[in-house]
Amino acid sequence: MNRQPTTRRAALRSLVASLAGAAMLLAPVPVATAVNRPDNHPAQSQRIAAWSPSMTTGGPSFDNQTIRMVVHSSIAGSDPRITLSNRFSDTPLTVASVEVAEQDTGGAEVPGTSRAVTFDHAGSVTIPAGAELVSDAIPISVDAGENLLVSLYLPTATGTSTWHSDAFDTTFIAAGDHTDDEDAAGFATRTTSWYYLAGLDLKSHTAQGTVVAFGDSITDGYASSRGTYHRWPDHLARRLAAEPGPQRLGVVDAGIGGNRVLTDVPNLWQGISALKRFRHDALGQPGVTDVILLEGINDIGNNAGPNNGPLTAQDLINGYLSLINEAHAADVRMIGATLLPDRGNGYFTAAGEAIRQEVNRWIRTSGAFDGVIDFDRVMRSPTDPAALRAEYDAGDHIHPNDAGMEAMGNAIDLALLQD
């Protein structure tokens, strides 16, 4: 694992900027206007992102229903705020009431912990299509690793919802307004997605910033155990929390299953491209200081190059350079992670493996990233470098199981994330 000294930052940015310019990539474009988006850096806002799934289009419609969702905070702090997102919906969203409480078990709240959430001091709000809204501060304290329940009452038909499809956690849905319920008896429906709820930030006396884990289904946690927080970013968060002295970073998981670096996925619930969503999903996080980039295997597996052409290793490298350049312009460090092997999966081809190997060599040796995490070295089979280690394979030969996720989280040198 390599870490670029801070004194090399200016030279590194100059190198990356020139390479990105030579690549002649189109600059990422925002998809929707954010309303009241939090400030980025803790020196300006004193707020840190504790949890924030990346949102997409294509969720189900709701009508006169309450949605109760679990939020797992990566850091401790006070005065949390939530972000509601209507970015990928084409109709205004009316939210009649919002409550936040400590989770007891399942969809049940710890009695007496529920707090009403307001937006500019109003308990009911309408969010325009394509926009987001951040709540007022909620007068509670939150522990690192604590679960909160956030309940939204949606009184009228919403149309297609803005959502995160693969939560790997349980969401509880009830007919009518049940935001005040402490028990879960009225919540007859269970799903494994988050709807409209796009972030939790708070004031922290221990965390000095946020690292964003940015990627596809491997980062999103596909094949990890539901409700146990065994994604590799969860393991990273726990390691940071266990460090002696002040905890330095919150952790945000910005993974989307099926996501690609260069092109949008035809099934848009798998997200617009990394190039288009990076500014919002990564650089838009309150307090962001570092991004860990692990993405590209879906570009390779789909042979999805720019302009509907075949993919080359240089195409993917150019995409990385564009993201690095954008992060550095925002004074955010970029940590590159090598792509995991996938022999045995339907994605695998000899040509694709050649691209993966070339891209991984570039990640390790180019010096374009501020640091490197060699997930490939940790996860590959000792007898076949194109395949996952058997003990880390979830069974589809591309996604890590819980043991593999833990190995990835433990493979990160925390010095990469600390000045």
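Residues numbered from 1 in each chain as written. Predicted model: local features only at pLDDT ≥ 70, side-chain atom pairs only at ≥ 80, totals over all residues. Heavy atoms only, no water.

Chemist: Could you clarify how one ought to interpret the pattern of salt bridges in this entry?
Modeler: A pair can form between side chains of opposite charge whenever their charged atoms are brought close. Applying the stated criterion to the full structure yields 16 salt bridges. The shortest N-O distance in the salt bridge between Asp376 and Arg380 comes to 2.9 Å. Its relative accessible area of 1% is what places Asp376 among the buried residues. By relative accessible area, which is 30% here, Arg380 ends up partly exposed. The shortest N-O distance in the salt bridge between Arg389 and Glu391 comes to 2.9 Å. (Salt bridge = Lys/Arg side-chain N within 4 Å of Asp/Glu carboxyl O. Buried < 20%, exposed > 50% of the residue type's maximum accessible area, 1.4 Å probe, protein only.)

Chemist: Mind showing me how you'd approach the pairing of strand E13 (residues 161–164) here?
Modeler: The side chains of a regular strand alternate between both faces of the sheet. By the alternation rule, side chains of E13 split into Ser161 and Trp163 and Thr162 and His164, which are all buried. With 2 bridges joining them, strand E3 (residues 56–59) and E13 adopt antiparallel strand pairing. Note that in E13 the partner of Gly59 across the bridge is Ser161. Both E13 and strand E16 (residues 194–195) contribute to a ladder of 2 bridges, which runs antiparallel. Following the sheet pairing, Trp163 is matched in E16 by Tyr195. (Helix = DSSP H or I, 4+ residues; strand = E, 2+ residues; numbered from the N terminus. Pairing = 2+ DSSP bridges.)

Chemist: Where do I start with the nonpolar core in this structure?
Modeler: For soluble globular proteins, nonpolar side chains are generally found buried alongside one another. Counting 63 residues, the largest nonpolar core has Trp232, Leu236, Ile292, Tyr320 and Phe375 as its most contacted members. Among the elements that take part in this core, helix H7 (residues 313–329) stands out by supplying 8 residues, more than any other. Discounting residues that sit within four places of it in the chain, Tyr320 has contacts with Val261, Leu293, Glu295, Gly296, Leu339, Val359, Trp362, Ile363 and Phe369. Ranked by size, the runner-up nonpolar core spans 37 residues in total, among them Ile67, Ile82, Ile138 and Leu154. (Core = buried A, V, L, I, M, F, W, Y, C linked by side-chain atoms within 4.5 Å. Contact = heavy atoms within 4.5 Å.)

Chemist: What am I meant to see in the sheet that holds strand E12 (residues 147–154) here?
Modeler: Backbone-to-backbone hydrogen bonds pair the strands of a sheet. The strands run either parallel or antiparallel. Spatially, 6 strands are ordered E8-E7-E12-E4-E14-E15 in an open sheet, and the strand pairing comes out antiparallel. The open sheet has two edge strands, strand E8 (115–116) and strand E15 (189–191), and neither has a second partner. Note: strand E4 (residues 65–72) against E12, 8 bridges, orientation antiparallel. Bridge assignment links Met69 to a residue of E12, and that residue is Val150.

Function cannot be inferred from these measures alone, as they are strictly geometric.
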